[in-house]
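Inside the fold
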Amino acid sequence: MNSPWGQIPVSDAHVHFFSRPFFASLAEQKKLPLASLATILGWHIPDEAGSLAAEWPAELDRNGVDCAAIIASIPGDQDSVIAAASSFPQRFFAYAMVNPAAENSLSSIEIALAAGHLRGLCFFPAMHRYSMHDPRATAILDLAAARHAVAFVHCGILSVGVRKKLGLPSPFDMRFSNPIDLHAVALRYPQIDFVVPHFGAGYFREALMLCDLCPNVYLDTSSSNHWMRYEPHLDLRAVFRRALDVLGPSRLLFGTDSSFFPRGWHAAIFEAQAKALYEIGVDEPAARLIFHDNLHQIFSEKNTSRD
């Protein structure tokens, strides 16, 4: 992809896979026919997982993106991302969203991990109202450790745009949002790579402390990072400068938080982040790590086979 450094490879560590089951769950909550959501949202609702799986590689090709980590956007929808990753193994790393508090979550995730093609598990503690120290979360982390899966843990402010657009409540609980809660957990599981998105989404200082103490914790850079408005002296350049000072370039994962069509891949996020990094003097080798190599490293055969 063209960048301030010239042509560099780009992969996206944070893309939501808005499947038909995801939209069906929203329609059920809204008590509306599924077809009516397309009119309300102005978004494309896929006919089936296969059609969405084919749409994303074409979209990545149009934007010069090598591959993407795709996130199942409701618990229990792991089959959608697994099918996409099995159809396009060179283009997708598949993440399942897990809810440790839900009935049968452990057994369903165990089956999905054993089947292959599932490379990571996404925890949203504030959304589902549990602590990462909950024994139910520990049981799933044990599975992740045994299967060498990545653990993505959303911390900080959590706002789901599609729920706002539909007027659906979001009864989240920010008591479970602090990255510091991951400190003892990450130390307990040194064999797991943990990813905290959006630089901690408002808990930037805490996320940096966590990363400083735990070398197996990464930050993803995804979204427009509107949480910066809570800290008036921060802009994207300052955020990157401070993150690089603590983590270096090898534990930052570029992401966009792309999700729906027809918008598709959120190229403006790439442009803004590339511009900020270039302006603070990041060189091409470091840019390649952030925009491409680090994501592939955490999913590499060497990484997934380690003890």
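Structure: see above.
Note that this is a predicted model, so its numbers are computed, not measured.

Examining the nonpolar core
Core analysis: the biggest nonpolar cluster contains 81 residues, and Leu121, Phe123, Phe194 and Phe291 have the highest contact counts within it. Examining the composition of this core, we find that seven residues originate from one element, helix α11 (residues 236-247), more than from any other. Grouped together as the second largest cluster of nonpolar side chains are 35 residues, Ala27, Leu34, Cys67 and Cys122 included.

Overview of the environment of Gly264
Looking at where Gly264 falls in the secondary structure, it is placed in the loop between β10 (252-253) and α12 (267-279). The spatial distance from the C-alpha of Gly264 to the C-alpha of Glu55 is 9.2 Å, given a sequence separation of 209 residues. Filtering out sequence-adjacent residues up to four positions away, Gly264 remains in contact with Trp56, Glu59, Ser258 and Ser259.

Describing the pattern of salt bridges
Considering all chains together, one arrives at 10 salt bridges under this definition. Measuring nitrogen to oxygen at the nearest pair gives 2.6 Å for the salt bridge that ties Glu59 to Arg62. Pair noted here: Glu59 and Arg62 are both in helix α3 (residues 49-63), with a separation of three residues, about one helical turn. Residue Arg62 is classed as exposed on the basis of its relative accessible area of 59%. Between Glu279 and Arg237 there is a salt bridge; the shortest N-O distance is 3.5 Å. Here the residue Glu279 occupies a position in helix α12, and Arg237 occupies one in helix α11, the gap between them amounting to 42 residues. Since its relative accessible area comes to 41%, Glu279 is described here as partly exposed. Salt bridges linked by common partners bring Asp235, Arg237, Lys275 and Glu279 together as one network.

Things to note about unusual backbone geometry
Residue Phe261 is joined to Pro262 through a cis peptide bond whose omega torsion reads 20°. For Pro262, the position within the fold is in the loop between β10 and α12. Look at Asn104: it is not a glycine, yet its phi comes out positive at around 70°. Within the secondary structure, Asn104 is located in the loop between β5 (92-98) and α5 (105-115). For Asn104, a relative accessible area of 54% translates into the label exposed. A positive phi is found at Ser223, a non-glycine position, where the angle reads about 80°. Residue position: Ser223 is located in the loop between β9 (217-220) and α11. On the accessibility criterion, Ser223 (15% relative accessible area) is buried.

Things to note about the sheet that holds strand β8 (residues 194-196)
Reading across the sheet, the eight strands line up as β3-β4-β5-β6-β7-β8-β9-β10 and stay open at both edges, with parallel pairing between neighbours. Of all the strands in the sheet, just β3 (12-17) and β10 have a single pairing partner and so form its edges. Of the strand pairs in this sheet, strand β7 (residues 150-153) and β8 are connected by two bridges, and their pairing is parallel. Residue Phe152 lies in a different strand from β8, and its bridge partner there is Val195. The sheet strands contacting helix α7 (residues 135-147) are β5, β6 (118-123), β7 and β8, and the helix crosses β6 at an angle near 160°.

Cut-off values and rules
- Residues numbered from 1 in each chain as written.
- Predicted model: local features only at pLDDT ≥ 70, side-chain atom pairs only at ≥ 80, totals over all residues.
- Heavy atoms only, no water.
- Core = buried A, V, L, I, M, F, W, Y, C linked by side-chain atoms within 4.5 Å.
- Buried < 20%, exposed > 50% of the residue type's maximum accessible area, 1.4 Å probe, protein only.
- Helix = DSSP H or I, 4+ residues; strand = E, 2+ residues; numbered from the N terminus.
- Contact = heavy atoms within 4.5 Å.
- Salt bridge = Lys/Arg side-chain N within 4 Å of Asp/Glu carboxyl O.
- Pairing = 2+ DSSP bridges.
- Axes fitted to C-alpha atoms, helices over the stretch in contact; angles between N-to-C directions.

This is a description of form; function is not addressed.
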